[in-house]
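# Structure at a glance
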Amino acid sequence: MPDDIIIQFEGVTKRYGEHVILSNLNFSIHKNKITTILGFSGAGKSTLMKLILGLVHPTEGTVYVLGQDLSKLGDYPLREFRRNFGMVFQYAALFDAMTAYQNVEFPLKEFTNLRPSERDHKVRHLLTSVGIDDFGMKKLPSELSGGMRKRVGLARALALSPAIMLYDEPTTGLDPITSKMVNDLIVETADAHKDRGLTSVIISHDIKATLKISDFIAFLDRGRIVEYLPAKDFVNSNHPLVQEFVHL
Amino acid sequence: MSTSNSHPAEHPWPYRVVADVGKSIIEVLRGLGKISIFSGRFFYWVGRPPFRLRLIFEQLFFIGNKSVFIIVLSGSFTGMVMAYQTYFGFKLINVDTLVGPVVAISLAKELAPVLTGLIVAGRAGSAMAAQIGTMKVTEQVDALEVMGINSLQYLAAPRIIAGTLALPLLSIIFLFVGSVGAYIIGTKALMIDEALFYSKLGEFMYLEDMLQGVIKAFFFGFVVSTIGTYFGFEVTEGAEGVGRGTNQAVVWGMIFVLVLDYFLTSFLIRIL
């Protein structure tokens with residue numbers, strides 16, 4: 001696998017019983033870039049993300065992440081391997097019994113041997129970098145707005161300095177201003193961690209935002225990648241479905 | 001004439017009744033199988049690091065401490081009512097001095113563990129299903145898995161361990177306050193001689209009677225918390241799914257306590 005490729009799909013098919021979700025996928029995701037997987041609902045985007053995370057395994061073919069075939073890893077090594085990922089969920093998926101601060105502190109407590117003072121410093125730094133102040137840190141997720149929850153989710157995902165950031169429908173359910181803020185945050189995060197080679201993979205159906213923030217765009221339709229181009233070339237694609245999507 | 005491909009409504013009603021009963025039995029057996037696999041996974045993961053003692057203590061506090069009030073309330077009234085009912089029956093044959101041991105033995109062997117099991121199924125089993133179910137539908141369980149944390153080990157194991165440990169303790173509290181209730185009613189309201197009450201209790205009540213109840217409560221604790229967590233993980237469809245999961249956790253928790261009680265009794269009565 002070339003050095004600039006971080007995720008590679010080789011002939012990947014995923015079936016649930018007779019139902020084919022993804023069919024013979026062959027494509028690669030570039031290191032240090034923002035790649036968006038676009039597609040209509042039911043196209044197989046979530047399954048593709050689960051394959052990247054090793055939460056499900058391909059029926060046929062192989063998914064390589066950081067050069068590793070995830071289906072070859074046992075339960076323990078796979079769980080350890082997942083620490084290479086940071087994920088921002090559609091609705092943030094913050095632990096509702098914990099404050100914003102505790103949510104970000106959680107992975108650090110679980111997986112690092114940092115002293116409490118070091119941990120505190122890191123949590124505050126992460127939360128401040130996504131725009132959460134001391135007052136917001138003490139709030140429970142139920143007391144935070146949708147945009148603030150996303151910020152906390154992003155800070156939590158960054159806590160263990162992952163190699164790959166995954167964003168699942170990051171702007172779904174947000175107002176246009178908050179959507180812009182989240183998109184800006186994705187770009188800022190990618191830029192801020194560029195020196196250590198952070199790769200961002202976004203699952204989305206928000207074409208406007210995708211065109212603005214992505215380096216590469218893959219279009220998924222009924223389990224197949226029908227187009228995969230640099231973002232600047234995507235609008236000029238001749239594929240009728242892409243054209244339909246772009247001009248929605 | 002009916003064929004194998006015809007619509008079920010076209011079959012005669014006895015056929016449909018048998019088919020429905022058969023379908024229900026298959027569903028129950030499938031559920032039992034899934035719960036057994038879930039328990040097997042619990043045993044597989046519970047012995048593996050990391051061991052999160054803090055979570056176990058938190059759950060012990062929730063299942064144990066927070067159930068004490070309802071257990072004391074139920075235990076005391078159960079003991080008092082038992083004393084009354086037994087007294088008026090026994091008085092007819094002039095053995096009213098046996099009220100103490102009869103109530104205490106009934107509580108120790110049956111009522112304390114079973115009623116504690118039912119109460120914990122209603123209070124803590126439902127809460128376990130609701131908490132985990134809500135975490136499931138809001139992707140919090142997925143968040144744990146993506147971080148590399150085994151959700152069964154993190155969410156279910158502490159609850160099952162705590163439930164298994166807390167229920168015997170709650171059952172002993174139930175027995176104690178129930179016996180005190182029976183003593184107060186027996187000696188203060190029904191005027192049974194205190195000395196006789198004590199002596200008969202000492203004469204007929206054995207440590208094995210208490211042990212039988214504690215063993216039962218241990219199993220009930222395991223079953224109730226396993227079912228509570230299992231139905232939490234089974235939740236699939238939003239708030240409605242959480243409600244359904246919670247309801248099933250309580251219903252099945254109670255059924256399991258009652259059915260298991262019969263089998264444990266028939267086994268323990270032979271060895272104790």
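Values in this document were obtained by computation on a predicted structure and should not be read as measured data.

We now examine the nonpolar core. Within the largest apolar cluster, 136 residues are counted, with the highest numbers of intra-cluster contacts made by A:Ile52, A:Val104, A:Leu127, A:Ala155, A:Leu166 and B:Ala182. With 20 residues, the single largest contributor to this core is helix 4 (residues 99–137) of chain B. Leaving out residues up to four positions away in the same chain, A:Val104 has contacts with A:Val123, A:Leu126, A:Leu127, A:Val152, A:Ala155, A:Arg156 and A:Ala159.

Examined against the element boundaries, A:Val187 turns out to sit in helix 7 (residues 176–192). Residue A:Val187 is classed as partly exposed on the basis of its 14 C-beta neighbours within 10 Å.

Moving on to the packing of helix 4 of chain B against helix 9 (residues 238–271) of chain B. Residue and element names in this part refer to chain B. Here helix 4 crosses helix 9 at 150 degrees, and the two axes come no closer than 8 Å. On the basis of their axis angle, the class for helix 4 and helix 9 is roughly antiparallel. Between helix 4 and helix 9 the crossing geometry is right-handed. The residue makeup of the contact of helix 4 with helix 9, split by class, is 12 nonpolar, 11 polar and one charged.

Further remarks concern the interface of chain A and chain B. Contact with chain A, which involves 14 residues of that partner, is made by 11 residues of chain B. Going through the elements one at a time, helix 2 (75–81), strand 6 (85–88) and helix 3 (100–111) of chain A are the ones with two or more residues in the side of chain A that touches chain B. For the side of chain A that touches chain B, a count of residues per class yields nine nonpolar, no polar and five charged.

Let's shift gears to the sheet that holds strand 6 of chain A. Residue and element names in this part refer to chain A. Reading across the sheet, the six strands line up as 6-7-8-3-9-10 and stay open at both edges, with mixed pairing between neighbours. The sheet is open, and its two borders are formed by strand 6 and strand 10 (224–230), each paired with just one other strand. Averaged over all pairs of adjacent strands, the angle between their axes in this sheet comes to 15 degrees, without regard to strand direction. When strand 3 (residues 34–39) meets strand 8 (residues 199–204), the two strands line up parallel, connected through five bridges. Bridging across to strand 8, Leu 38 finds its partner in Ser 204. In this fold helix 6 (residues 146–158) packs onto strand 6 and strand 7 (164–168), with an angle of close to 175 degrees to the strand it touches most, strand 6.

This next bit is on the confidence of the model for chain B. Of the residues in chain B, 97% reach a pLDDT of 70 or more, and the chain-wide mean stands at 92. Predicted complex metrics record ipTM = 0.89 and pTM = 0.88.

Attention shifts here to helix 8 (residues 207–233) of chain B. The end-to-end C-alpha distance of helix 8 of chain B, which contains 27 residues, comes to 39 Å, matching closely the 39 Å that a straight helix rising 1.5 Å per residue would cover. For helix 8 of chain B, the tally of buried residues reaches 19 of 27 residues, placing the bulk of the element in the interior.

Further remarks concern the environment of B:Leu170. Residues and elements named next belong to chain B. Tracing the backbone through its elements, the reader meets Leu 170 in helix 6 (residues 151–189). For Leu 170, a count of 28 C-beta atoms within 10 Å corresponds to the buried category. Sequence separation of Leu 170 and Pro 113 is 57 residues, and the distance between their C-alpha atoms is 8.4 Å. Setting aside anything within four residues of it in sequence, one finds Leu 170 in contact with Gly 64, Ser 67, Ile 71, Thr 116 and Val 120.

Residues and elements named next belong to chain B. In the contact formed by helix 1 (residues 13–46) and helix 6, the axes pass within 10 Å of each other and the chain directions differ by 95 degrees. Relative to helix 6, helix 1 is oriented roughly perpendicular. Residues Arg 41, Phe 42, Trp 45 and Val 46 of helix 1 lie in contact with helix 6, whose contacting residues are Leu 152, Gln 153, Ala 156, Ala 157, Ile 160 and Ile 161. Across the contact of helix 1 with helix 6, the residue classes tally to eight nonpolar, one polar and one charged.

Our next topic: the pairing of strand 9 (residues 216–221) of chain A. Residue and element names in this part refer to chain A. In terms of burial, strand 9 is largely enclosed, as five of its six residues are buried. Two strands pair when backbone bridges link them, and strand 3 and strand 9 are joined in this way by five bridges, in the parallel orientation. Of the residues in strand 9, the one forming a bridge with Thr 36 is Ile 217. Relative to strand 10, strand 9 runs antiparallel, the two sharing six bridges. For Phe 216, the partnering residue across the bridge sits in strand 10 and is Pro 230. From the end of strand 9 to the start of strand 10, which pair antiparallel, there are two residues, and Arg 222 there has a positive phi angle of about 45 degrees.

Thresholds, definitions, all that
- Residues numbered from 1 in each chain as written.
- Chains lettered and ligands numbered in written order.
- Predicted model: local features only at pLDDT ≥ 70, side-chain atom pairs only at ≥ 80, totals over all residues.
- Core = buried A, V, L, I, M, F, W, Y, C linked by C-beta atoms within 7 Å.
- Buried ≥ 20, exposed ≤ 12 C-beta atoms within 10 Å, placed from the backbone.
- Helix = DSSP H or I, 4+ residues; strand = E, 2+ residues; numbered from the N terminus.
- Contact = placed C-beta atoms within 7 Å.
- Axes fitted to C-alpha atoms, helices over the stretch in contact; angles between N-to-C directions.
- Parallel < 35°, antiparallel > 145°, perpendicular 65-115°, else oblique.
- Left-handed = near helix turned anticlockwise from the far one by under 90°.
- Nonpolar A, V, L, I, M, F, W, Y, C, P; charged D, E, K, R; others polar.
- Pairing = 2+ DSSP bridges.
- pLDDT = per-residue confidence, 0-100.
- Expected span 1.5 Å × (residues − 1).

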